[in-house]
Amino acid sequence: MLTSSLSEEAFFGRQDELSSLYKRALRAEQGASRSVVLAGPRGIGKTEILRHLFGRLFWTQERVFPFLFTFNPALLSVAAFSKAYLSAFLCQRLAFEKREQALLYRDGISIDALSGLIEEREVAWAREILFQFLQCSRDPVEALRIALAAPHRSMLSTKIPVAVLIDDFHLVGRLHMDGVPDHRLSHLFEEPLGHGKTPHMITGNMAELQEMLVTSGLERFPVRPLGLEGTSSLAQYVMKRCETEGNVPPLLLRRLDGNPFYLERVLARAGEKNHPVEQDFWNAYLREITDGALSLYWKKVFKSFFPDLGLRRVALETIHKINHASEDLPVQRIVKSFARSDSQAQDIVHNLYLAGFINGEFGAFRKVEDAVLRDLIDCLYQREILEKAAREVERDILESIIARREQAVRFELVLPMAREAELVAAQSLEQIGKNLNLSQETVGQMQIAVIEACINALEHSGGMGDQVYVSIAVDEDQLEVSVESAGREFIMQETGEPFRDQEAVKASGRGWGIKLIKRFVDQVTFEKTARGTKIVLIKKLERPAGIQKEDIVNRE
Amino acid sequence: MSNFSLSSRSVKDVAVITPRGYINDIGAVRLEQESGQYLDNGLKKLVVDFSDVQFINTIGLSIFLSIVQNTQDHGSQLCFTNMKKDHLEIFEIAGLIGHVKVFKDENAAFTYLNGRTPDGKKTASQTTAV
């Protein structure tokens, strides 16, 4: 599928990435563009970014031709892949001439039909490439070379550079000849990846891509979790699509960690209820990780790496053990725990690593940072290995999430509606930060946000209450401050227009408060409560430094 | 005891204003008045030293607009020095940074304004804008 399943209006929080990649593609005109790997975990939106990039390049400019190709796991024989790749390239290239949408969807077009199209349009360079390709029908490696070189050759003939966008590129390692995988085939991509006028932007399963020599020298373009704005916009969009509204619990939002796939699935399920409340969101989450789309997705990944049921069971036990270990586990401990041979244990952990279920390097392994995946594994473990009933599993998972929250250190303040009372909250934060060894930068930024939140609460209580309730909670990976007061909703509109007209901007100055808050914290949510309204501010705490195998280098 | 205080001095034709503590509405109004006095007395160069500023809220920020406007109305130059990164960001959000010169410290601001440090020593006439 070439176009995104998401319309522009539903594609949130990725404009910076899209803009950066678009500019990179256009630099191919000067031959100054380098190939890049879009790096990020599953579900983060890499495929959607590629599709949107294709759409933007195809429809809005003429300087660079975009070619989008997704590896098909069913077409990994060299012969089938080469044909599919070349056919797709030629069809899309012909479509680009006159922006013919119908040509973009000629998947599986026969060589004869393609040849007919080329003859009809009298495209000499395409005719020549196709002719040479057909001449190599008995030499699949040469045919592959010709197919991969097609973008560069078209550029040489037409002078129009090509941005080659490839999804699921990790499957290149599974290209085979007569059923025998041949890793050397991936090296044929080296030359095409190196051309400045045909930059390749590729993505796929990061763990597998990182093990490939052909991608090892490529720049990494990190695709990060959605930020505050993107998450909030996506949440609102999904709720609106479900024709309902509701406040997503901050703890759940944090758990979903800006992953668009997780967010969309959980919120869509919650949105099936009319005006979902907190429990409904949690129920939706639990449903998704036990037997919903999230669960099905990850189970499919699991089965693809562990087709054997017996081995899958051992793998599940292994992940569970690693996830609940207090430190990195070396392979030897895993060998001992499961009475496996060294090589079996190595295979299991290596496949778990490639599948994305665990992290690790240099022979020691640890849990992934993806809390949703860890919950899903816990569910699966409890159902499959411990054979617990579904309800009991869900209850246990939820309790463990809440319990982790309750392990947070908490402080509560009640501020009077007095002048500069917000400073008490700010100074308390400073001391808490010192006591708990938080970074000065984190505390400083939270102080600024809390001051604004308190002022907002103090100003907009509307005389309906004389106190502001501030709660500060710190756990292993976040600092959370909530500010609650009686009264109507906070003013949420933002202005932040640059200074021009003094009077106008003075009037709008108060709108800066929310803008400032959003700038300095990682997550902010607004809730209606029994007391009135509450704003919850969250800053993630820095994780301990460690060796990151995904060496995120540069992005423009 | 107030959470805000203010001091100022003039060094030849440059006024250096040093707010301390919490710049909210009251603090910002005092700053506005102090800077206004210097401007009304004909001084064309103002430096605001942020080294002892702890917090600025958006109410105070909105009053800074008046200070910037007033400076521009007088055809004067306004410089900020010793800003913490977070305070710089706050002013960036308000769109004020484009209307002032920001320097690492007083020496740099003086170099820009006069070609000399506050103690009168000549320096290379380079600005070291943040």
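Keep in mind that what you see is a predicted model, and the values were worked out from it rather than measured.

A word on the overall build of chain B. Helix and strand counts for chain B stand at four helices and six strands. Reading the secondary structure of chain B in the N-to-C direction produces β-β-α-β-β-α-β-α-β-α. The buried share of chain B, reckoned over its 130 residues, is 45%. Considering only contacts in chain B between residues 6 or more positions apart, those separated by 24 or more positions represent 63%.

Turning our eyes to something else, we now look at the overall build of chain A. Tallying secondary structure elements over chain A gives 23 helices and 15 strands in all. Within chain A, buried positions represent 43% of all 556 residues. Nonlocal contacts in chain A, meaning residues at least 24 apart in sequence, comprise 71% of its contacts between residues at least 6 apart.

Counting residues in each nonpolar core, the largest one holds 114 residues, and the members touching the most others are Ala147, Ala163, Leu165, Leu352, Ile358 and Leu376 of chain A. Here the element with the most residues in this core is helix H3 (residues 78–98) of chain A; it accounts for eleven residues. Leaving out residues up to four positions away in the same chain, Ala147 of chain A has contacts with Ser82, Tyr85, Leu86 and Phe133 of chain A. By size, the runner-up hydrophobic cluster in this structure holds 73 residues, among which are Ile448 and Val468 of chain A together with Ile23 and Leu113 of chain B.

This part covers the environment of Arg42 of chain A. Residues and elements named next belong to chain A. With respect to the element layout, Arg42 can be found in the loop between strand E1 (36–39) and helix H2 (46–60). For Arg42, a count of 18 C-beta atoms within 10 Å puts it in the partly exposed group. In the structure, Arg42 is positioned 314 residues away from Gly356 in sequence and 8.2 Å away in space, judged by C-alpha atoms.

Here we come to the interface of chain A and chain B. Counting residues at the interface gives 24 residues for chain A and 21 residues for chain B. Of all the secondary structure elements, the ones that give two or more residues to the side of chain A that touches chain B are helix H20 (422–435), helix H21 (440–460), helix H22 (502–508) and helix H23 (512–520) of chain A. Take the side of chain A that touches chain B: its biggest share by element is seven residues, from H21 of chain A. Looking at the side of chain A that touches chain B residue by residue, the class counts come to ten nonpolar, seven polar and seven charged.

Looking now at unusual backbone geometry. Residue and element names in this part refer to chain A. In this structure, Glu387 is a non-glycine residue whose phi angle is positive, near 55°. Locating Glu387 in the fold gives a position in the loop between helix H18 (371–384) and helix H19 (390–406). The residue Glu420 is not glycine, and still its phi comes out positive at about 60°.

This paragraph deals with the confidence of the model for chain B. Residues and elements named next belong to chain B. Confidence in the prediction of chain B, expressed as mean pLDDT, is 88, and 88% of residues score 70 or more. Between residues 125–130, whose pLDDT stays under 50, and residues either more than four places distant or in other chains, the model counts 17 contacts. Reported for the predicted complex are a pTM of 0.67 and an ipTM of 0.88.

Let's shift gears to the packing of helix H14 (residues 293–305) of chain A against helix H17 (residues 342–355) of chain A. All names here are of chain A. Across the interface, H14 lies against H17 with an axial gap of 10 Å and an inter-helix angle of 140°. With respect to H17, the axis of H14 lies oblique. Once H14 is placed against H17, the crossing between them reads as right-handed. Taken together, the residues of H17 that come into contact with H14 (itself represented by Val301, Phe302 and Phe305) are Asn351, Leu354 and Ala355. For the contact of H14 with H17, the residue count by class is five nonpolar, one polar and no charged.

Mapped onto the elements of the fold, Arg333 of chain A is located in helix H16 (residues 331–338). Sequence separation between Arg333 of chain A and Ala345 of chain A is twelve residues, and the spatial gap between their C-alpha atoms is 9.6 Å.

Next up on the list: the sheet that holds strand E7 (residues 219–222) of chain A. All names here are of chain A. Pairing within the open sheet is parallel, and its five strands lie in the order E2-E3-E6-E1-E7. Whereas interior strands pair on both sides, the edge strands pair on one side only; in this sheet they are strand E2 (65–70) and E7. Averaged over all pairs of adjacent strands, the angle between their axes in this sheet comes to 20°, without regard to strand direction.

Let's shift gears to helix H1 (residues 25–40) of chain B. Residues and elements named next belong to chain B. The end-to-end C-alpha separation of H1 is 22 Å, in line with the 22 Å expected for 16 residues at 1.5 Å each. Buried residues of H1: Gly27, Ala28, Leu31, Glu34, Ser35, Tyr38 and Leu39, and no others. Projected down its long axis, H1 carries its buried residues within an arc of 140°, all on one side. Facing away from the buried surface of H1 by more than 90 degrees, the exposed residues are Gln33, Gln37 and Asp40. Looking at the buried positions of H1, the neighbouring elements they touch are strand E1 (4–11), strand E2 (14–23), strand E3 (45–49) and helix H2 (58–73). Immediately downstream of H1, the backbone of Gly42 shows phi near 95°, a positive value.

Before going further, it helps to examine the sheet that holds strand E15 (residues 533–540) of chain A. Residues and elements named next belong to chain A. As summarised here, the arrangement of the five strands in space is E11-E12-E13-E15-E14, forming an open sheet in which the pairing is antiparallel. Edge positions in the open sheet fall to strand E11 (409–416) and strand E14 (523–528), since each of these has one partner strand only. Looking at each pair of strands side by side, their axes are set apart by 15° on average, direction ignored. Of the strands in this sheet, E11 and strand E12 (467–474) touch H20, which is tilted by about 160° from E11.

Moving on: the pairing of E1 of chain A. In the case of a regular strand, side chains alternate between the two sheet surfaces. All names here are of chain A. Burial along E1 is two-sided: the residues Val36 and Leu38 and Val37 and Ala39 are all buried. Strand direction decides the pairing type here: E1 and strand E6 (residues 200–202), joined by two bridges, are parallel. Each residue of the ladder has a partner; that of Val36, found in E6, is Met201. Summarising the sheet, E1 and E7 pair through four bridges and their orientation is parallel. Paired with Ala39 across the two strands is Pro222, which belongs to E7.

How each quantity is defined
Residues numbered from 1 in each chain as written. Chains lettered and ligands numbered in written order. Predicted model: local features only at pLDDT ≥ 70, side-chain atom pairs only at ≥ 80, totals over all residues. Helix = DSSP H or I, 4+ residues; strand = E, 2+ residues; numbered from the N terminus. Buried ≥ 20, exposed ≤ 12 C-beta atoms within 10 Å, placed from the backbone. Contact = placed C-beta atoms within 7 Å. Core = buried A, V, L, I, M, F, W, Y, C linked by C-beta atoms within 7 Å. Nonpolar A, V, L, I, M, F, W, Y, C, P; charged D, E, K, R; others polar. pLDDT = per-residue confidence, 0-100. Axes fitted to C-alpha atoms, helices over the stretch in contact; angles between N-to-C directions. Parallel < 35°, antiparallel > 145°, perpendicular 65-115°, else oblique. Left-handed = near helix turned anticlockwise from the far one by under 90°. Pairing = 2+ DSSP bridges. Expected span 1.5 Å × (residues − 1). Arc of directions from axis to C-beta.

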